[in-house]
Amino acid sequence: MESMLNKLKSTVTKVTADMTSAVMGNPVTREFEVGRHIASGGPGMCWRIYNGTKKSTKQEVAVFVFDKKMVEKYQKFDKDQIIESLKRGVQQLTRLRHPRLLTVQHPLEESRDCLAFCTEPVFASLSNVLGQWDNLPSPVPTDIKDYKLYDVETKYGLLQISEGLSFLHSGVKMVHGNLCLENVILNKSGAWKIMGFDFSISSINPSDAEPKYSCKEWEPNLPPLCLPNPEYLAPEYILSVSCDAASDMYSLGVVMHAVFNEGKPVFQVNKHDIFKSFSRQLDQLTRLSPTMLNKIPEEVREHVKMLLSVTPNVRPDADQMTKIPFFDDVGAVTLAYFDSLFQRDNLQKSQFYKNLPKVLPKLPKRVVVYRILPALTSEFVNPDMVPFILPNVLLIAEECTKDEYVRLILPDLSPVFKQQEPVQILLIFLQKMDLLLTKTPPEDIKNSVLPMVYRALEAPSIQIQELCLNIIPTFANLIEYPSMKNALIPRIKSACLQTSSLAVRVNSLVCLGKILEYLDKWYVIDEILPFLQQIPSREPAVLMGVLGIYKCTFSHKKLGIPKEHLAAKSLPHLVSLSIDNNLNLNQFNSFMAVIKDMLTRMEAEHKTKLEQLHSMQEQQRYPSNHFLLSSSDVIDEVFGGSSGSAGVNGKANGNSASAPQLNRMSLTLEEKQRLAKEQEQAAKLRNQPALAPQSIKPATPSTQAKDLTSCLLNNMTSLGSLSLTSPPRPGLIQGSTISAYPSTTPMGSMASHGYNPTMGFQTGGQGMRPPGPGLYGGMATTTSTPNFGALTHNQGSTNTPDMSALDSLFTSNKPKVSLNQMAPPKPTPGTTATPWLNQFGSAQPSQTAPMQGAPLAMGGVTSGFGMQANPFFSPQNFSQPTAAPVMNAGGGLRHSSSVNNDLKDLFG
């Protein structure tokens, strides 16, 4: 890689050094900047051709340079002869002005090292194109090496040379004297131009109808640069020292032969014995073999044979050659017409431009781009011709690459984008908008192309507005979203609202409907749909256009309309439009179909949302059992155990069913916020004490005390059995508040219990503090409710009253506890009952007394009403200590003397 870079660097350095040394000090460099070496041409290929630019105007030129080092090998006399011949040829070319002659931009300048002059931009000489690369840079430029002439270029090039000779012979009365491949130059556009007038001969009697030319005798001792190219000279020039216009025609015949034979002339001439060579050549021309011309096209072969005739009078003149059928090719005629456009009026030009699109596809791209395109763009200065030129320019642009379009076409199109008159310009651009947006750079689209579209939407011509609205959807995908949203859509909406044309209004709606897919969903909902409600027109076509936009937005998978918008805006608007009197039956049915689809989707979406919310509310209302289980229940559940619970009616219930699972579907932010608030409120309610109302039942008079006693004692026996054995864990009862943590306080005391026949069982509270005086507050009772004494066991008491007769009242399926075990202890003589016992044995006041302490459930939560707080349904309140029962000193339970009286009062 490094070696390649070094080689390239050395090549560039060498070329730059050669160019600098050749041109340095020449006055041409004061006005022109000289570029790289691109070609060679002129007599003996002695002129090096460089590209260049004029410093003042940046105009592109070609700089011809002759380095005097090329003639250092000659004697001074020969040097001077060569320099004078070259100078004479350039000066003659400078004086002549014709489209078929190379145009000189700056006259010849001489310095100590070189000769130089400037011409129109040049590509190469015809000799370079046909493979003669003498005096070219090394390596040979790729564009020259790969250049191939097309048939149309060859035909038109030969026609141009013929026209140039016609100008010299008829207009100037001059013989060129050295027409050959190196003296034919191809300019930047591909046109063939004549140069090399070093040996031109002017007529000695220009005023006479029959010009006469004096010819110099051939001097073989002169340097080659001082003599014309003998391979292209007519035989009479050497053999009879005579020449005229026919001599140039012979040279034209040899040029035509060389063009079709890869640059080879008809004969190879021995320059050392020129006379013998021409004598031999004369004999061959007399009996010219057909095989020598077999590569020449058949339609021009006969004319070439006539041009190579030995007899000058047989050769056709230049005017006759320009009219032969060979040059009637459509491409050649088209190129010739372009070269003569300056002579045509606008009517002729317009007719030609109208027919040009039929011809352009038949021409090679290089000819179209470098020959026809410059001629077309030069006519943009004529506004009346722009509508006729523009379609052809855009047709050429389609065949160009993006780089060629930006480099060769866009600079000339930019001023045309801003033209508003005539209106056809806008129409043509709109029809080719996809081409412009595809090949124009984004910055130029923003600055030139889109402003033209905006002007078309705001144009006073309804035709232009309709065309613009119809074309916009075809290239909407090429427009950047910000430009569409901020500039294009507002102008379409404005055109719809402000126009008085029904066609423009309908086309605006159709245009919006077609470009909805390129817009953002919320932009459509916030901008497009509200705009539809602003349209005042009620023509059926407009209403159907509005319906179409609603339908496209509703059904498009990228867009869609939210149910809130459907309910609040879209459906009311469509329903009001659907009953318009201007609609026919089919149109009304179309409205109703869309409305029904919207209603169906809105119903489905909202129903799904409500089902979600309902499911979540149910989950909050019936929380999971894990929030209510005690620690032992959790263990049982983990290991597969199940626990029953006694219901209100005394029936065993299983574990409550799990709450329904939440349907996991997406919710809006507002719905989630509302759900969070509901969850927070539910949590607060769970932490508050249950407020279950007491069930008040009317007192039913009992005639049999035995039944009430049996019921009471049965319940008491059940509680006693629960305290003595390991009872089943009570199941959870809905609404109860029970701590999941077992109490650490020893249950060495019993809570008092009251019974009211009119109110049912009242509940007492068990605190979570150490036992002591005042631990259990007095229960609120009525005068008709007797007080049961404290049920305690005193250690050492043995004498108990015999109550075994009541044992038969207990249910047989539960462990029996004799009434003797529940009787209060009898105090030992000489001892005094403790205050703790006295508070249960004393009579209760007749009125309801206030609670001495707030009853607390286990875990510190205030106890509620109902059987959840009732001690009869809380076996923990009656649990027995593991130690032996506390007895009195007498060895038995002390019997309260008021027990029998209380029972008599209670049961009659």
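Everything numeric here is computed off the predicted structure, so don't read it as measured data.

Asker: Explain the overall build of the chain here, please?
Answerer: Each helix and strand counted, the chain has 32 helices and 14 strands in total. Looking at the chain residue by residue over its 908 residues, the buried ones come to 44%. When contacts within the chain are restricted to residue pairs at least 6 apart in sequence, long-range pairs at least 24 apart make up 70% of them. When the accessible surface of the chain is split by element, carbon and sulfur atoms take 54% of a total near 47,400 Å².

Asker: How do you make sense of the packing of aromatic side chains when you look at a structure like this?
Answerer: Given two aromatic rings, one states the distance between the centres and the angle between the planes to describe the pair. All told, the structure shown has nine aromatic pairs when counted by the stated rule. When the centroid spacing of 4.9 Å and the interplanar angle of 15° are considered together, the rings of Phe 64 and Phe 117 count as stacked. Of this pair, Phe 64 sits in strand 3 (residues 60–67) while Phe 117 sits in strand 5 (residues 114–119), and the two are 53 residues apart along the sequence. When its relative accessible area of 0% is taken as the criterion, Phe 117 is described as buried. A connected cluster of aromatic rings, assembled from ring pairs, spans Trp 47, Phe 64, Phe 66 and Phe 117.

Asker: Would you explain the side chain of Lys 173 in this entry?
Answerer: Summarising the element assignment, Lys 173 is placed in the loop between helix 6 (151–172) and strand 7 (174–175). Those residues in contact with Lys 173, other than ones at most four positions away along the chain, are Leu 168, Ile 201, Ser 202, Ser 203, Pro 206, Asp 208, Pro 211 and Tyr 213.

Asker: Sorry if this is basic, but what is going on with the sheet that holds strand 8 (residues 184–187) here?
Answerer: For sheets, the rule is that strands pair by backbone hydrogen bonds, running either parallel or antiparallel. The three strands lie next to each other as 6-8-9, forming an open sheet whose pairing is antiparallel. In this open sheet, the two edge strands, each paired with only one partner strand, are strand 6 (122–125) and strand 9 (192–194). Direction aside, neighbouring strands of the sheet carry axes that sit 35° apart on average. Here three bridges tie strand 6 to strand 8, and the two strands are oriented antiparallel to one another. From the neighbouring strand, Val 122 faces strand 8, where its bridge partner is Asn 187.

Asker: I keep staring at the confidence of the model for the chain and nothing clicks. Help me out?
Answerer: Low-pLDDT stretches of the model should not have their predicted coordinates read in fine detail. Model confidence for the chain is summarised by a mean pLDDT of 75, while 69% of its residues fall at 70 or above. Across residues 699–706, where pLDDT falls below 50, the model places four contacts with residues more than four positions away in sequence or in other chains. This stretch, residues 808–814, has a pLDDT under 50; its non-local contacts, to residues over four places away or in other chains, come to 11 contacts.

Asker: Teacher, can you tell me more about the environment of Gln 587 here?
Answerer: Position of Gln 587 among the secondary structure elements: in helix 26 (residues 585–621). Taking relative accessible area as the criterion, Gln 587 reaches 17% and is therefore assigned buried. Every residue in contact with Gln 587, bar those within four places of it in the chain, is listed here: Pro 540, Met 544 and Asn 582.

Asker: Help me understand the pattern of salt bridges, please; the structure alone is not making it clear to me.
Answerer: Evaluation of the coordinates by the stated rule reveals 21 salt bridges. Residue Glu 564 is joined to Lys 563 by a salt bridge in which the shortest nitrogen-to-oxygen separation is 3.1 Å. Glu 564 sits in the partly exposed class, given a relative accessible area of 46%. Each of Arg 100, Glu 163, Asp 339 and Arg 371 takes part in a single network of salt bridges with overlapping partners.

Asker: Sorry, what's going on with the packing of helix 12 (residues 330–339) against helix 13 (residues 346–359) here?
Answerer: In a pair of packed helices, the angle between the axes and the distance between the axes together describe the arrangement. Packing of helix 12 against helix 13 leaves a shortest axis separation of 12 Å and a crossing angle of 145°. By crossing handedness, the relation of helix 12 to helix 13 is classed as left-handed. Across the interface between the two elements, Val 330, Thr 334, Tyr 337 and Phe 338 of helix 12 pack against Gln 348, Phe 352, Tyr 353, Leu 356 and Val 359 of helix 13. Here the contact of helix 12 with helix 13 is composed, by residue class, of seven nonpolar, two polar and no charged.

Asker: Help me understand helix 20 (residues 462–475) in this model?
Answerer: Side chains that are three or four residues apart share a direction in an α-helix, a result of its 3.6 residues per turn. Here helix 20 is 14 residues long and its end C-alpha atoms lie 21 Å apart, about the 20 Å a rise of 1.5 Å per residue gives. Residues of helix 20 that are buried include every one of Ile 464, Gln 465, Cys 468, Leu 469, Ile 471, Ile 472, Pro 473 and Phe 475, and no others. On its buried side, helix 20 packs onto helix 17 (424–431), helix 18 (433–439), helix 19 (442–457), helix 21 (481–498) and helix 22 (502–514).

Asker: Help me understand the environment of Val 449, please; the structure alone is not making it clear to me.
Answerer: Position of Val 449 relative to the elements: it lies in helix 19. With relative accessibility at 0%, the residue Val 449 sits in the buried group. Considered as a pair, Val 449 and Leu 430 are 19 residues apart in the sequence and their alpha carbons are 9.7 Å apart. With near-sequence residues (within four places) excluded, Val 449 lies in contact with Phe 417, Met 433, Leu 436, Leu 437, Thr 440 and Asp 444.

Asker: What is the right way to read the nonpolar core from this model?
Answerer: Soluble globular proteins tend to pack their nonpolar side chains together in the buried interior. Among the nonpolar cores identified, the biggest contains 181 residues, and Trp 47, Ile 372, Leu 413 and Phe 429 are the most heavily contacted of them. Here Phe 429 is in contact with Leu 390, Leu 394, Leu 413, Val 416, Phe 417, Leu 436 and Met 452, once residues within four sequence places are set aside. Residues Leu 227, Cys 243, Val 269 and Phe 278 belong to the second largest nonpolar core, which totals 13 residues.

Asker: Can you walk me through the state of the cysteines in this structure?
Answerer: Here, disulfide denotes a covalent bond that connects the sulfur atoms of two cysteines. Going through the model one piece at a time under the given rule, you end up with zero disulfides. No disulfide involves Cys 468; its sulfur sits 7.7 Å from that of Cys 511, the nearest cysteine.

Asker: Would you mind showing me how to read helix 8 (residues 245–259) here?
Answerer: Compared with the 21 Å implied by 1.5 Å per residue over 15 residues, the 21 Å span of helix 8 between its first and last C-alpha is a close match. Among the 15 residues of helix 8, 14 are classified as buried, and the element is accordingly described as predominantly covered. The opening residue of helix 8 is Asp 244, an N-cap whose side-chain oxygen sits 3.1 Å from the backbone nitrogen of Ala 246.

Asker: So what exactly am I meant to see when it comes to a nonpolar patch on the surface here?
Answerer: Together, Ile 579, Leu 585 and Phe 588 line one region of the surface with nonpolar side chains, adding up to about 320 Å² of accessible area. Looking at the secondary structure, you find Ile 579 in the loop between helix 25 (563–578) and helix 26.

Asker: For this particular structure, what's the right way to read the sheet that holds strand 4 (residues 104–110)?
Answerer: A sheet is described by the order of its strands in space; here five strands give the open sequence 1-2-3-5-4, paired in antiparallel fashion. Bordering the open sheet on either side are strand 1 (32–41) and strand 4, each of which pairs with just one other strand. Averaged over neighbouring strand pairs, the angle between their axes works out to 25° when direction is ignored. Taken together, the six bridges between strand 3 and strand 5 define a ladder with antiparallel strand orientation. Looking across to strand 5, one finds that Phe 64 is bridged to Phe 117. In the packing of helix 3 (residues 76–95) onto the sheet, the strands contacted are strand 2 (47–54), strand 3, strand 4 and strand 5, and the crossing angle to strand 4 comes to about 155°.

Asker: Whenever I open this one, the side chain of His 565 confuses me. Can you help?
Answerer: Assignment of secondary structure puts His 565 in helix 25. Other than its neighbours up to four places away in sequence, His 565 contacts Ile 525, Leu 529 and Ser 570.

Asker: Help me understand unusual backbone geometry in this model?
Answerer: The general pattern is negative phi for most residues beyond glycine and trans for most peptide bonds. A cis amide bond, omega 0°, links Ser 138 with the succeeding residue Pro 139. The residue Lys 58 is not glycine, and still its phi comes out positive at about 60°. When its relative accessible area of 58% is taken as the criterion, Lys 58 is described as exposed. A positive phi is found at Val 241, a non-glycine position, where the angle reads about 50°. Tracing the sequence through the fold places Val 241 in the loop between helix 7 (235–239) and helix 8. On the basis of relative accessibility, which here comes to 31%, the residue Val 241 falls in the partly exposed class.

Asker: Looking at this structure, I do not really get the pairing of strand 4. What am I missing?
Answerer: Two faces make up the sheet, and in a regular strand the side chains alternate between them. As judged from the four bridges shared by strand 4 and strand 5, these two strands associate in the antiparallel manner. Of the residues in strand 5, the one forming a bridge with His 106 is Cys 118.

Asker: Can you walk me through the environment of Leu 108 in this structure?
Answerer: Structurally, the position occupied by Leu 108 is in strand 4. In the structure, Leu 108 is positioned 20 residues away from Arg 88 in sequence and 9.9 Å away in space, judged by C-alpha atoms. Not counting residues within four places of it along the chain, the set of residues in contact with Leu 108 comprises Trp 47, Lys 87, Val 90, Leu 115, Ala 116 and Phe 117.

Asker: Can you walk me through the packing of helix 6 against helix 14 (residues 365–377) in this structure?
Answerer: For the pair helix 6 and helix 14, the least separation of the axes is 10 Å and the interaxial angle reads 40°. The orientation of helix 6 relative to helix 14 falls into the category oblique. Residues Val 152, Glu 153, Tyr 156 and Gln 160 of helix 6 pack against Arg 366, Val 367 and Arg 371 of helix 14. Considered class by class, the residues forming the contact of helix 6 with helix 14 number three nonpolar, one polar and three charged.

The rules behind the values
Think of each chain on its own: its residues are numbered from 1, step by step along the sequence as written. Restriction of local features to residues with pLDDT of at least 70 applies here, the model being predicted, together with a cutoff of 80 or more for giving and counting side-chain atom pairs; totals for whole chains, interfaces and linings are based on all residues. Side-chain metrics in this entry use all non-hydrogen atoms of the structure; hydrogen atoms and water are not considered. Secondary structure elements are taken from DSSP: a helix is a run of H or I of four residues or more, a strand is a run of E of two residues or more, and numbering for both begins at the N terminus. For every residue, the accessible area obtained with a 1.4 Å probe (protein chains only) is divided by the maximum for its type, and the residue is called buried under 20%, exposed over 50%, and partly exposed between those limits. Residue contacts follow a heavy-atom distance rule, with two residues in contact if any of their heavy atoms lie within 4.5 Å. Only the protein chains shown count as cover for residues, and all accessible areas are computed by the Shrake-Rupley method using a 1.4 Å probe. Stacked, tilted and edge-to-face are the three classes applied to pairs of Phe, Tyr and Trp rings, where Trp contributes its six-membered ring and a pair requires centres within 6.5 Å; stacked means planes under 30 degrees apart, edge-to-face means over 60, and tilted covers the rest. In short, DSSP must find at least two bridges between two strands for them to pair. Structural elements are reduced to axes, namely lines fitted to C-alpha atoms, with helices fitted over the stretch in contact, and the angle between N-to-C directions of any two is expressed from 0 to 180 degrees. Confidence scores labelled pLDDT are given residue by residue by the predictor and lie between 0 and 100. Take a side-chain nitrogen of Lys or Arg and a carboxyl oxygen of Asp or Glu: if they are within 4 Å of each other, that pair is a salt bridge. Here a crossing is taken to be left-handed if its near helix is turned anticlockwise relative to the far helix by less than a right angle, and right-handed if that turn runs clockwise. Each residue is assigned to one of three groups, with Ala, Val, Leu, Ile, Met, Phe, Trp, Tyr, Cys and Pro labelled nonpolar, Asp, Glu, Lys and Arg labelled charged, and all others, Gly among them, labelled polar. Here a helix's expected span is defined as the number of its residues, less one, multiplied by 1.5 Å. Only buried Ala, Val, Leu, Ile, Met, Phe, Trp, Tyr and Cys residues count toward a nonpolar core, and they belong to the same one when joined by side-chain atoms within 4.5 Å. Disulfides are defined as cysteine sulfur pairs within 2.5 Å. Within 3.5 Å is the distance limit for a polar contact, defined as a pair of N or O atoms, with the added protein rule that one can donate a hydrogen and the other accept it, and that residues adjacent in sequence qualify only through two side-chain atoms. Patch definition: residues with relative accessible area over 30% and no salt bridge; like charges joined within 9 Å; nonpolar side chains (Val, Leu, Ile, Met, Phe, Trp, Tyr) joined within 5 Å. Angle categories: roughly parallel below 35 degrees, roughly antiparallel above 145, roughly perpendicular from 65 to 115, and oblique for all the rest.

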